[in-house]
Amino acid sequence: MSNENLFDQEDYIKARVDEYIWQKSIEAGISRQRFLRILATMLGGTAIGGLARPLPARSQTNTSNAFKTKGSKILKPLPPGYISHSKGTLEMNWETMYGRGYLVPNNWFYVHNRNTPPPFNPATWRLRIEGTGVSVPCEFTYDEIIAMPSISVTSAIECAANGRRFFEEAYNTPLSGTRWRLGAIGVAEWTGVPLSILLERAGLKSTARDVLVEGADLASLDAKGTKPSKFNSVVPIAKATADNSLVVYAMNGEPLPPDHGWPCRVIFPGWAGNANVKWIERIEVSETPIYTQWVLEQMVLIGPDYPAISPYKGKLITYQNVKSAFELAWPATLSAGNYLLRGRSWSGKGKIVRVEVSLDGGRTWQLARLREPNLPFAWVRWDIDWNPTPGKYSLQARATDNLGNTQPSTVPWNDVGLLYGGVVSHPVTVQG
Ligand SMILES: Nc1nc2c(c(=O)[nH]1)N[C@H]1C(S)=C(S)[C@@H](COP(=O)(O)O)O[C@H]1N2
Ligand SMILES: [Mo]
């Protein structure tokens, strides 16, 4: 079983890279050094030096507030005021969270679908567990899964690209991909079976290293239309067997809605959104590390500040970072007078212990009141009294988690626009 320190990205990546080189050189029957040289020529400039790549052109996506667009990949009706960036994306409008409860109702939860949710037939659907890391490969029916002892976990799911638009604004440079502001996150109560129980039933070996979870939908890796493969993600065995890693079939007490993975999805609390594969059908447990194109090329930070470490094209992403959002429209218009300013902050690595708010664009800061509950891997709601006079304001919030991670004022650029964790300026006009 792995001793990797999952909270230390550097450790994790280094171990992965070492193991990759080891595995490949043995397979090829060559020395490590020789293999490294070959790898360097294969991947060209990005292999070890981490050269900056040219920026991709802005994609011509429709960013209007169109309601259900033709050919939508989202089945649920779009709540009023929600933001639709494309056929498969639905961004939560933070204004609608003002004063709401801790959880985001299912109808209002953001969606990131690469495909229309596939149909589910309980008579033929199976969840298969196989691979070198299990001694009894097996299949579960839907009925078998829901008959097993279940637990419920309250956790956020957040797209790794949440906040992408702030890279564009900070660097005045367009990016391709969904132009999320801060609404690609939601917190729900997920009910299901701990993945570790299913893996034990399949005879999990102590030598198991990596777990690949595969959905029923085909997804192309990039806009160039590379050969599509089934959507998947890979987590190390330590994450797969964590107490709160689940095969989920219910969301906020209802059967998992089709858009959110019906009949079953996985949740790996704290990890980037794409790890939480929906419409799952197959789980592969491997004694050797699994490197998919998806992980090597897409789940990485690529940019001048992130040297690539072969085989990854950049710095591998695992846990989400710290972020904050005001429960306000963007931009917001308020009337002068007493106002209870509210927001939420979250961290993929733990729970929030402090939130500071600036009402004057970052010159002065005050502590916000934190409201219970404050659960790790979910979020905390906070508020502050505000009595503004008419004018234009730039509101900022800065959260710190229990591991001391805090939101910086600037974030180094990455070409895919992932993990924007910087302090954001929220424009507000107060009318007389
Ligand atoms: N099978 C499958 N799983 C998937 C996706 C997908 O397109 N197909 N999108 C992923 C991404 S990028 C995110 S951010 C989350 C979004 O989960 P949600 O739509 O339930 O909010 O699901 C992940 N799981
Ligand atoms: Mo996502």
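Named according to an unreviewed UniProt entry, the protein chain is Oxidoreductase originating from Nostoc minutum NIES-26. The Cofactor (unreviewed entry) comment attached to the protein chain in UniProt states, word for word, "Mo-molybdopterin".

A. Quick look at the overall build of the protein chain. Of regular secondary structure, the protein chain possesses 7 helices and 24 strands. Taken over 432 residues, the protein chain has a buried fraction of 54%. A total accessible area of about 18,200 Å² is found for the protein chain, and carbon and sulfur atoms account for 53% of it.

B. A look at the environment of Ile151. One can find Ile151 in strand β6 (residues 151–158). It is 8.6 Å that separates the C-alpha atoms of Ile151 and Asn244, two residues lying 93 residues apart in sequence. Setting aside chain neighbours within four positions, we find Ile151 in contact with Trp190, Thr191, Gly192, Pro194, Asp243 and Leu246.

C. The sheet that holds strand β3 (residues 111–112), seen in detail. Taken in spatial order, the 3 strands of this open sheet run β1-β2-β3, and their pairing is antiparallel. Strands with a single pairing partner mark the edges of an open sheet, and in this sheet they are β1 (83–86) and β3. Pairing of β1 with strand β2 (residues 89–91), which is carried by 3 bridges, proceeds in the antiparallel orientation. Its bridge partner being in β2, Ser86 is matched across the sheet by Thr89.

D. Summary view of the confidence of the model for the protein chain. Taken over all residues, the pLDDT of the protein chain has a mean of 87, while the share at 70 or more is 82%. Predicted confidence for residues 39–69 stays below pLDDT 50, and this span has 56 contacts to residues more than four positions away or in other chains.

E. Highlighting the site of ligand 1. Taken together, 17 residues sit near ligand 1, with Tyr110, Asp217, His260, Arg265 and Lys278 positioned nearest. The backbone of Arg114 places a nitrogen or oxygen atom 3.0 Å from an oxygen atom of ligand 1. Taken by itself ligand 1 offers 540 Å² of open surface, and the protein chains cover 99% of this.

F. Representation of the packing of aromatic side chains in the model. Taken as a whole, this structure holds 23 aromatic pairs when the rule is applied. Judged by centre distance (5.0 Å) and plane angle (85 degrees), the ring pair of Phe120 and Trp262 falls under edge-to-face. Of this pair, Phe120 sits in the loop between β3 and β4 (127–130) while Trp262 sits in the loop between β11 (254–255) and β12 (265–267), and the two are 142 residues apart along the sequence. Judged by its relative accessible area of 18%, Phe120 falls in the buried class. By way of ring pairs, the aromatic residues Phe166, Phe167, Tyr171, Trp330, Trp413 and Tyr420 are connected into one cluster.

G. The arrangement of the nonpolar core in detail. Core analysis: the largest hydrophobic core is formed by 96 residues, its most contacted members being Leu199 and Val285. The biggest single contributor to this core is strand β10 (residues 246–251), with 6 residues. Looking at this core, you find at least three residues from each of domain 2 (65–316) and domain 3 (323–431). Among residues more than four places away in sequence, those in contact with Leu199 are Ile129, Val134, Leu204, Val211, Ile237, Ala240, Thr241, Ile283 and Val285. Counting residues in each nonpolar core, the second largest holds 20 residues, with Phe326, Ile352, Val357 and Leu359 among its members.

H. Expanded view of the pairing of strand β16 (residues 323–326). Of the two faces of β16, both are covered, the one formed by Lys323 and Ala325 as well as the one formed by Ser324 and Phe326. Bridge count for β16 against strand β18 (residues 339–346) is 4 bridges, and the pairing is antiparallel. Residue pairing in the sheet places Ser324 in a bridge with Ser345 of β18.

I. The side chain of Gln320, seen in detail. Topologically, Gln320 is positioned in the loop between β15 (315–316) and β16. Ignoring sequence-local partners within four residues, the contact set of Gln320 consists of Glu158, Cys159, Ala160, Gly270, Trp271, Ala272, Gly273, Gly348, Lys349 and Leu419.

J. Expanded view of the sheet that holds strand β5 (residues 138–140). Spatially, β5-β4-β13-β8-β9 is the arrangement adopted by the 5 strands of the open sheet, whose pairing is mixed. Two strands in the sheet have a free side with no partner beyond their single neighbour: β5 and β9 (229–236). Strand-to-strand, the axes of this sheet are offset by a mean angle of 20 degrees, without reference to chain direction. Here 3 bridges tie β4 to strand β13 (residues 280–286), and the two strands are oriented parallel to one another. Bridge assignment links Ile129 to a residue of β13, and that residue is Ile283.

Reading the values: rules and limits
Residues numbered from 1 in each chain as written. Chains lettered and ligands numbered in written order. Predicted model: local features only at pLDDT ≥ 70, side-chain atom pairs only at ≥ 80, totals over all residues. Heavy atoms only, no water. UniProt positions renumbered as here; feature names shortened; annotations may be inferred. Helix = DSSP H or I, 4+ residues; strand = E, 2+ residues; numbered from the N terminus. Buried < 20%, exposed > 50% of the residue type's maximum accessible area, 1.4 Å probe, protein only. Areas by Shrake-Rupley, 256 points an atom, 1.4 Å probe, with all protein chains shown as cover. Contact = heavy atoms within 4.5 Å. Pairing = 2+ DSSP bridges. pLDDT = per-residue confidence, 0-100. Near = heavy atom within 4 Å. Polar contact = N/O pair within 3.5 Å; in protein donor to acceptor, adjacent residues only side chain to side chain. Phe/Tyr/Trp six-rings, centres within 6.5 Å; stacked < 30°, edge-to-face > 60°. Core = buried A, V, L, I, M, F, W, Y, C linked by side-chain atoms within 4.5 Å. Domains from an automatic or database assignment. Axes fitted to C-alpha atoms, helices over the stretch in contact; angles between N-to-C directions.

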